[in-house]
Every structure is written in C-alpha cells, then in structure tokens.
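Chain by chain, the residues run as shown.
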Amino acid sequence: MPVEEFVAGWISGAVGLVLGHPFDTIKVRLQTQNTYQGIVDCILKTYRHESVLGFFKGMSFPIASVALVNSVLFGVYSNTLLALTATSHQERRAQPPSYTNIFIAGCTGGLLQAYCLAPFDLIKVRLQNQTEPRMQIGSSEPRYRGPVHCAASILREEGPQGLFRGSWALVLRDTPTLGMYFVTYEGLCRQYTPEGQNPSSATVLVAGGFAGIASWITATPFDVIKSRMQMDGLKGRKYRGMLDCMASSFQQEGIGVFFKGMTLNSARAFPVNAATFLSYEYLLSLWR
Ligand SMILES: C[N+](C)(C)CCCC[C@H](N)C(=O)O
C-alpha cells in the first residue's frame, strides 16, 4: 500500500487548518449560539471579549487530529482508486480515472475519515463554544480546561458514546460531499490542463479552492445538525436524536437554520483547500 499519500495528506491538512481556524470558530458560534446578530457582530464580540486568542480556541488539538484525519482521507482515496483502476498517483495523469471511480473513492475516504474525525470534532466544537475570556483574574472558570480535560470529562459524564455524539450527522455530511470534493477538483484540473501534463500551481490552487467551496456548500445543512448534536448533552439532552434535532430546529427557526454558517464555510473553504491541495501535490511531486 503506497504511504506517500498518507504523509502528504497529513502535512497538507495541517497547513490548511491554521489558515481556516478563525473562520471556523466564528461559524461554530453562529451555528450554536443565538446571541450574535451576524458575522461581523460575532467577530467584534469575540475580539473585544477574548482578544485575538478567542479566534484560535480549540486549535492545538485539531492541528494534530485534522492532520491525521486528512491523511486518512487522502490515503484511503488514493488507495481506493488504485484498487478500482489499477493506477498509482503518478500514472493517473496519463490514464485518468472515470468520474464515477473518483466519486466512489472520495466517498470511501470521506466515510472513513468521518469516523476518525468524530471525537476530535466534538471536542473542538465544545471548546470553541466556551466564550469565557482567557487568563483574567476574577472571570468565571470555563467548563473545560483544555482538550484532554474536555475528553476526560465527557468520558466520565457521558460515557464513550458521548464522544461520538453527532457522528451520524457527520457521516452524512462527509460521505457524499467528499466524493464531490474530488470530482470537482479533478474536473477543474482536467479542464485547465493540456492532456497528459501536470496541472500548474495556479490551477491546483483554484481547483482546490473551488472543490472546497462546492463540498462545503452542500455539506452545510448536516454541518449545522452535527454541531447542535455535539453541543447537546452538555447541559442535559435537548434532542432525542438526529431527526428530532432537524425537526425541532426547523420548527423553531425555519428553513434558514440549515444554511447557518454557509458564508463562513465557503469563505474558509477556499484558502484552506487551495493550500491543502497545493501542498499535497507539491509533496507528492517531490517524492516521485
Ligand atoms: C466534506 N466537508 C465539506 C464537510 C469537509 C471537507 C474537508 C476538507 C478540508 N479538510 C476542510 O476542512 O475544508
């Protein structure tokens, strides 16, 4: 089994993550707390109350975990394509796989990475939703002191299944949309690259950016449900399950609820995925 893709996926995931984290914090807050009037209001309040550090809450943990998850995504994707089409990464420019195979491989990668991602993502969301300012004497202590304390508290209070809360919504969010992610990326690369050649860096950046946007736009409805399910359980249980969460969010807030965070998801998606694909392709070309 070729491992380069796993390593390249690992590093490129970390690069993308740092760029996108501030967008992500604002998004999670808008999706799960109703105290903000909009993106700008949320940014201002976060900055005033918590300083720049507020935007980077919960990042140290994902930087390790997202790297791992991205490595599963790209590694499984590439190895599934190898199984389906008998071509390695290097051979795929000369013998491009069909879009159906790309989609299947992307969905397979998406499904497996969703399971790895679930507990890490839950901890990230819980930490991002702590709005207490850091390091101020007299301010109230946040519920979780950090990722390890958060994981331990959830295990103690909610059991191991507590760490996988919202994982169904996460699987539904990621499986089809990561299929689409790779189809969009490959499609755009092929469109703008002469046959048999490697795509230029500019093409990789643009194709990666748009692949991220396309997949995040379609993923947003399940992203909202996922975030809400993950926060459920913190102060008792509000929802009986994923369907109940969808129904009651819809009843209370209307159809618009499923699009909360869409602007931010898309704004974040471009730089994150442009950087991810560029570093991925670059690393693989180094090791060729
Ligand atoms: C499928 N969905 C759009 C939800 C996730 C796509 C993940 C791609 C990248 N790691 C990122 O964080 O943007």
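The structure reproduced in this document is the subject of the present report. (Residues numbered from 1 in each chain as written. Predicted model: local features only at pLDDT ≥ 70, side-chain atom pairs only at ≥ 80, totals over all residues. Heavy atoms only, no water.)

1. So, the packing of helix α4 (residues 99-128) against helix α8 (residues 201-231)
Thinking step 1. Running from amino to carboxyl end, α4 crosses α8 at an angle of 75 degrees, the nearest separation of the two axes being 9 Å. For the element pair α4 / α8, the angle class is roughly perpendicular. Residues A118, D121, L122, V125 and R126 of α4 pack against K226, S227, Q230 and M231 of α8.
Thinking step 2. Residues of the contact of α4 with α8, tallied by class, amount to 4 nonpolar, 2 polar and 3 charged. (Axes fitted to C-alpha atoms, helices over the stretch in contact; angles between N-to-C directions. Helix = DSSP H or I, 4+ residues; strand = E, 2+ residues; numbered from the N terminus. Parallel < 35°, antiparallel > 145°, perpendicular 65-115°, else oblique. Contact = heavy atoms within 4.5 Å. Nonpolar A, V, L, I, M, F, W, Y, C, P; charged D, E, K, R; others polar.)

2. Comments concerning the pattern of salt bridges
Thinking step 1. Here the structure, examined in full by the defined rule, presents 23 salt bridges.
Thinking step 2. The partner of D223 in a salt bridge is K27, and the shortest N-O contact between them spans 3.0 Å. Here D223 is found in helix α8, whereas its partner K27 is found in helix α1 (residues 4-32), with 196 residues between them in sequence.
Thinking step 3. Through salt bridges with shared partners, a single ionic network connects D24, K27, D121, K124, R173, D174, D223, K226 and R268. (Salt bridge = Lys/Arg side-chain N within 4 Å of Asp/Glu carboxyl O.)

3. Examining the site of the ligand
Thinking step 1. In the region of the ligand, the neighbouring residues are N70, R173, D174, T177, L178, Y181, S215, W216, A219, R268, V272 and N273.
Thinking step 2. Within the side chain of R268, an N or O atom sits 3.0 Å from an oxygen atom of the ligand.
Thinking step 3. For the ligand, whose unbound accessible area comes to 370 Å², protein coverage reaches 91%.
Thinking step 4. Assessed atom by atom at 2 Å from the grid points, the ligand resides in the largest cavity.
Thinking step 5. Those elements that provide at least two residues to the shell around the ligand are α7 (167-191), α8 and α10 (262-286).
Thinking step 6. When residues of the shell around the ligand are assigned to their parent elements, the largest contribution, 5 residues, is made by α7.
Thinking step 7. Each residue belonging to the shell around the ligand can be placed in one class, and the counts come to 5 nonpolar, 4 polar and 3 charged. (Near = heavy atom within 4 Å. Polar contact = N/O pair within 3.5 Å; in protein donor to acceptor, adjacent residues only side chain to side chain. Areas by Shrake-Rupley, 256 points an atom, 1.4 Å probe, with all protein chains shown as cover. 1 Å grid on protein atoms, 1.4 Å probe; cavity = no way out; pocket = protein on both sides within 12 Å on 5 of 7 lines; lining within 4 Å. Sits in = over half its atoms within 2 Å of the grid points.)

4. A look at the packing of aromatic side chains
Thinking step 1. Tallying each qualifying case throughout the model produces 10 aromatic pairs.
Thinking step 2. With centroids separated by 3.7 Å and ring planes inclined at 10 degrees, the aromatic side chains of Y77 and F182 adopt a geometry described as stacked. One end of the pair, Y77, is in helix α3 (residues 60-85); the other, F182, is in helix α7, and 105 residues separate them in sequence.
Thinking step 3. On the basis of relative accessible area, Y77 is assigned to the buried category, the value being 7%.
Thinking step 4. Taking the centre distance of 5.2 Å and the plane angle of 80 degrees together, the rings of Y181 and F182 count as edge-to-face.
Thinking step 5. Since its relative accessible area comes to 4%, Y181 is described here as buried.
Thinking step 6. Residue classification places F182 among the buried residues on the basis of a relative accessible area of 1%.
Thinking step 7. Here a set of aromatic residues connected by ring pairs shows up, and it is made of F74, Y77, Y181, F182, Y185, F277 and Y280.
Thinking step 8. The positively charged end of R190 is found above the aromatic ring belonging to Y99, 4.7 Å away from the centroid. (Phe/Tyr/Trp six-rings, centres within 6.5 Å; stacked < 30°, edge-to-face > 60°. Buried < 20%, exposed > 50% of the residue type's maximum accessible area, 1.4 Å probe, protein only. Lys NZ or Arg CZ within 6 Å of the ring centre and 35° of its normal.)

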